[in-house]
Amino acid sequence: EPDQTEANFRCRGLEPADAKLLAPEILVSASLTKILVGENGLGDEGTTILCDALRESTVSKVEELNLNYNGIGPDGAKAIAALCAVRASLTKISVGRNGLGDEGTTILCDALRESTVSKVEELDLSLNDISPDGARAIAALCAVRGSLTSVRWPPAHEPKPCLHSLSPRMQH
């Protein structure tokens, strides 16, 4: 019997139309704790569809959401941010290798910082073309979000702007 706690659709060539097919199942699943849809082509549209389903679900207990490498930009970041504002079960968000840039990074970090229910512990923002402006949003999040224990952002070969403003526990 397959593991009903994990939906692993990594590297399946998923597009927004596929997200429309997955959304109704996500909406009613009370057992799913991991949704792994990294390395697909969901883009902003597919990401919004999945995040809206998770946000609207009254039974979801999803703890981990992996959206790495899906062509997500600031519009997709808004959908993820809206989800973070209401889904207390979510503890790990991976959005590395997308196109969030400073705008999407700021949208997501501000939502996590301002959320009264967020318990996110791990946030992967690596390879999202984050400059000092986005790094300031990360630093502001790290300064107030006690549950956050790990933030991945520029990989070792990229400069780490404003690193001095992050607490030592957040440095990568």
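The preceding data block contains the structure.
Figured I'd write up the structure that's included with this text.

Calculation criteria
Residues numbered from 1 in each chain as written. Predicted model: local features only at pLDDT ≥ 70, side-chain atom pairs only at ≥ 80, totals over all residues. Heavy atoms only, no water. Helix = DSSP H or I, 4+ residues; strand = E, 2+ residues; numbered from the N terminus. Expected span 1.5 Å × (residues − 1). Buried < 20%, exposed > 50% of the residue type's maximum accessible area, 1.4 Å probe, protein only. Arc of directions from axis to C-beta. Contact = heavy atoms within 4.5 Å. 1 Å grid on protein atoms, 1.4 Å probe; cavity = no way out; pocket = protein on both sides within 12 Å on 5 of 7 lines; lining within 4 Å. Points joined across faces, edges and corners; volume = space filled by probe spheres on them. Nonpolar A, V, L, I, M, F, W, Y, C, P; charged D, E, K, R; others polar.

**As for helix H4 (residues 101–114)**
Point 1. Compared with the 20 Å implied by 1.5 Å per residue over 14 residues, the 20 Å span of H4 between its first and last C-alpha is a close match.
Point 2. All buried positions along H4 are accounted for by Gly-101, Gly-104, Thr-105, Leu-108, Cys-109, Ala-111 and Leu-112. Around the axis of H4, the buried residues are gathered within 160° of arc, so they sit on the same side.

**Overview of helix H3 (residues 74–84)**
For an α-helix, the turn length of 3.6 residues means that residues three or four places apart are oriented alike.
Point 1. Listed as buried for H3 are Gly-76, Ala-77, Ala-79, Ile-80, Ala-81, Leu-83 and Cys-84.
Point 2. Its buried side turned inward, H3 meets helix H2 (43–56), strand S3 (64–66), strand S4 (92–94) and H4.

**Describing the environment of Thr-105**
Point 1. Here Thr-105 shows up in helix H4.
Point 2. Thr-105 gets classed as buried once you look at its relative accessible area, which sits at 0%.
Point 3. Taking C-alpha positions, Thr-105 is 9.7 Å from Val-95, a pair spaced 10 residues apart along the chain.
Point 4. Apart from the residues lying within four places of it in its own chain, the contact partners of Thr-105 are Leu-100, Leu-125, Ile-130, Gly-134 and Ile-138.

**Observations regarding the layout of surface pockets**
Point 1. Considered as a void within the structure, the second largest pocket measures approximately 170 Å³ in volume.
Point 2. What lines the second largest pocket is a set of 13 residues, and nearest its centre among them are Glu-39, Asn-66, Asn-68, Arg-97 and Asp-124.
Point 3. The class makeup of the residues in the lining of the second largest pocket is 3 nonpolar, 5 polar and 5 charged.

On their own, these measurements won't tell you what the molecule is for.
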